[in-house]
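Inside the fold
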Amino acid sequence: MQTDSKKHNSPTDANNVLAEVFLRPKTRGELYDALKEGIKCECVTSNVEFTSLALQSLNAMGCGDVKFKTYPSKNEGWSIYEAVV
């Protein structure tokens, strides 16, 4: 009888796969709401500058105070938005 000796940190491990799943919001409002809930989102990199300005405008209008950071995604052409606590 052969036992499975694979380590759980392999690329096919379900936990690793789930760790790389992000919400791709359809609107900037949906992005803003997701960030308020602490959900990481993935957006098209070419829109990062304008999207960041839109999020800052929502903060200025009193919709909340969501601080966030952006960084490149492993998916080419996409960037990650993450709330900063």
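Right above here is the structure, for reference.
No experiment lies behind these values; they were computed from the predicted model shown.

Side chains that differ in sign of charge can pair as their charged atoms come close. Summed over the entire model, instances satisfying the criterion amount to 5 salt bridges. A salt bridge links Glu82 to Lys40; its shortest N-O distance comes to 4.0 Å. Taken together, the residues span a long stretch of sequence, with Glu82 in strand β3 (residues 78-83) and Lys40 in the loop between α2 (28-36) and β1 (41-44) at a distance of 42 residues.

Our focus in this paragraph is α2. If you check which residues of α2 are buried, you get Leu31, Tyr32, Ala34 and Leu35. Buried residues in α2, looked at end-on, bunch into an arc of 165°, giving them a common side. Its buried side turned inward, α2 meets β1, α3 (48-60), β2 (68-72) and β3. Gly38 sits one or two residues past α2 and shows a positive phi near 80°.

A few words on the nonpolar core. Formed by Leu31, Tyr32, Ala34, Leu35, Cys41, Cys43, Val48, Leu55, Leu58, Val66, Phe68 and Tyr81, the largest nonpolar core amounts to 12 residues. For this core, the secondary structure elements donating two or more residues are α2, β1 and α3. In terms of residues, this core owes the most to one element, α2, which gives 4 residues. Among residues more than four places away in sequence, those in contact with Leu58 are Tyr32, Cys63 and Gly64.

Procedures and definitions
- Residues numbered from 1 in each chain as written.
- Predicted model: local features only at pLDDT ≥ 70, side-chain atom pairs only at ≥ 80, totals over all residues.
- Heavy atoms only, no water.
- Salt bridge = Lys/Arg side-chain N within 4 Å of Asp/Glu carboxyl O.
- Helix = DSSP H or I, 4+ residues; strand = E, 2+ residues; numbered from the N terminus.
- Buried < 20%, exposed > 50% of the residue type's maximum accessible area, 1.4 Å probe, protein only.
- Arc of directions from axis to C-beta.
- Contact = heavy atoms within 4.5 Å.
- Core = buried A, V, L, I, M, F, W, Y, C linked by side-chain atoms within 4.5 Å.

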